[in-house]
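Analysis of the macromolecular model
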Amino acid sequence: MAEEIEIKKKKPKHRWGVYLGGIFILIGTLWLLVALGIVPVVYLRFWPQVLLIIIGILILVKSVG
């Protein structure tokens, strides 16, 4: 009974799916808020920069983690 059992932990392979799902939820929420008139349409002109920042953060998290 003195044998050691080695347990290997595997990282989930669906991590990118969670990140992409989060991006889609963020985009959908922003779209809904603009459609309801809560967020002015003027703020959508910054959307490409925000999307690039989000993608950069996701790549950084994936590289470090």
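See above for the structure.
First, a word on what this report is: a plain description of the structure on this page. Computed from a predicted structure; not experimentally measured.

Some remarks on the overall build of the protein chain
A count of helices and strands for the protein chain gives 2 helices and 0 strands. Here the protein chain holds 65 residues, and the buried ones make up 9% of them. Carbon and sulfur atoms make up 72% of the accessible area of the protein chain, which totals about 6100 Å².

A word on the packing of helix 1 (residues 15-36) against helix 2 (residues 47-64)
Interaxial distance between helix 1 and helix 2 falls to 11 Å at its minimum, and their mutual angle equals 160°. Taken together, helix 1 and helix 2 sit at an angle that is classed as roughly antiparallel. In the crossing of helix 1 with helix 2, the sense of the turn from one axis to the other is right-handed. In contact with Trp-16, Tyr-19, Ile-23, Leu-26, Ile-27 and Leu-30 of helix 1, helix 2 contributes Trp-47, Leu-51, Ile-54, Leu-58, Ile-59, Val-61 and Lys-62. Looking at side-chain class alone, the contact of helix 1 with helix 2 contains 12 nonpolar, no polar and 1 charged residues.

Some points on a nonpolar patch on the surface
On the surface, a nonpolar cluster with roughly 490 Å² of combined accessible area is contributed by Trp-16, Leu-20, Phe-24, Ile-55 and Ile-59. When residues of the nonpolar patch are traced back to their parent elements, those giving at least two are helix 1 and helix 2. The element best represented in the nonpolar patch is helix 1, accounting for 3 residues. By the secondary structure assignment, Ile-55 is in helix 2. What makes Ile-55 partly exposed here is its relative accessible area of 37%.

Rules of the game
- Within each chain, residues carry numbers counting from 1 in the order of the written sequence.
- Only residues with pLDDT of at least 70 get local features here, since the model is predicted, and only at 80 or more are side-chain atom pairs given and counted; chain-wide, interface and lining totals rely on the full set of residues.
- Hydrogens and waters are ignored; side-chain quantities use all the structure's heavy atoms.
- Each helix corresponds to a stretch of at least 4 residues labelled H or I by DSSP, and each strand to a stretch of at least 2 residues labelled E; elements are numbered beginning at the N terminus.
- The cut-offs for exposure are 20% and 50% of the maximum accessible area for each residue type, with area from a 1.4 Å probe on protein chains only; residues under the lower value are buried, those over the upper are exposed, and the others partly exposed.
- Per-residue and other accessible areas were derived by the Shrake-Rupley procedure at a 1.4 Å probe size, with only the shown protein chains allowed to occlude residues.
- For helices, the axis comes from a line fit to the C-alpha atoms of the stretch in contact; other axes are also lines fit to C-alpha atoms, and the angle between any two N-to-C directions lies between 0 and 180 degrees.
- Angles below 35 degrees are treated as roughly parallel, those above 145 as roughly antiparallel, those between 65 and 115 as roughly perpendicular, and all remaining angles as oblique.
- Left-handed describes a crossing in which the near helix is turned anticlockwise from the far one by less than a right angle; the clockwise case is right-handed.
- Residue contacts are counted whenever heavy atoms from the two residues lie within 4.5 Å of one another.
- Side-chain classes follow a simple rule in which Ala, Val, Leu, Ile, Met, Phe, Trp, Tyr, Cys and Pro form the nonpolar group, Asp, Glu, Lys and Arg form the charged group, and the remainder, Gly included, forms the polar group.
- Residues enter a patch when their relative accessible area is above 30% and they make no salt bridge; the linking distance is 9 Å between like charges and 5 Å between nonpolar side chains (Val, Leu, Ile, Met, Phe, Trp, Tyr).
- Counted as salt bridges are all cases of a side-chain nitrogen of Lys or Arg within 4 Å of a carboxyl oxygen of Asp or Glu.

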